[in-house]
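Structural features, examined
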Amino acid sequence: MHLCDLEKKEYINCLKTSRHKSEICRHVSKKYLECRMEKNLMAKQDMSELGFGKESREEAMEGESKTGRIEK
């Protein structure tokens, strides 16, 4: 069926270029999973159940720890 091939290839390429550090490719992984859910290739779930719910909070905390303040 190849419905989400573009997203899958993008994710695999991201993993290759990041030396398989999946945390660097989280945004691409999220896009791939969203595609699969939209095309009914997997059960629809809230992204927070798949580990994406705290993403913006973690990024804010990382920004705060680097600069001593929250970056927007």
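Residues numbered from 1 in each chain as written. Predicted model: local features only at pLDDT ≥ 70, side-chain atom pairs only at ≥ 80, totals over all residues. Heavy atoms only, no water.

So, about the overall build of the protein. A tally of helices and strands in the protein yields three helices and zero strands. Traced from its N-terminal end to its C-terminal end, the protein shows the element sequence α-α-α. Residues counted as buried form 22% of the 72 residues belonging to the protein. Taking the contacts inside the protein whose residues are at least 6 apart along the sequence as the reference set, 31% of them involve residues at least 24 apart. Accessible area of the protein: about 5,900 Å², with a carbon and sulfur share of 49%. (Helix = DSSP H or I, 4+ residues; strand = E, 2+ residues; numbered from the N terminus. Buried < 20%, exposed > 50% of the residue type's maximum accessible area, 1.4 Å probe, protein only. Contact = heavy atoms within 4.5 Å. Areas by Shrake-Rupley, 256 points an atom, 1.4 Å probe, with all protein chains shown as cover.)

A separate point is a nonpolar patch on the surface. A cluster of nonpolar residues, M1, L3 and L41, forms a patch on the protein surface that exposes about 310 Å² of accessible area. Inspection of the secondary structure assignment puts M1 in the segment before α1 (5-17). (Patch = residues over 30% accessible without salt bridge, like charges linked within 9 Å, V, L, I, M, F, W, Y side chains within 5 Å. Salt bridge = Lys/Arg side-chain N within 4 Å of Asp/Glu carboxyl O.)

Across all of its chains, the model carries two salt bridges by this definition. Between D5 and K8 there is a salt bridge whose closest N-O contact spans 3.8 Å. Note that D5 and K8 are positioned in helix α1 at a spacing of three residues, about one turn of the helix. On the basis of relative accessibility, which here comes to 35%, the residue K8 falls in the partly exposed class.

Attention shifts here to the state of the cysteines. One pass over the structure, following the stated rule, counts two disulfides. Disulfide pairing places C4 opposite C35 at an S-S distance of 2.0 Å. Across the disulfide from C4 to C35, rotation about the S-S bond amounts to roughly -90°, and the bridge is consequently left-handed. A residue pair is termed long-range when its members are at least 10 positions apart, and C4 in the segment before α1 and C35 in helix α2 (residues 26-38) qualify at 31 residues. Considered together, C4 and C35 belong to a single accessibility category, that of buried residues. Here C14 engages in a disulfide with C25; their sulfurs sit 2.1 Å apart. Every disulfide takes its handedness from the sign of the S-S torsion; for C14 and C25 that torsion is -95°, giving left-handed. (Disulfide = S-S within 2.5 Å.)

Honestly, that's just the spatial picture; any functional story needs more than this.
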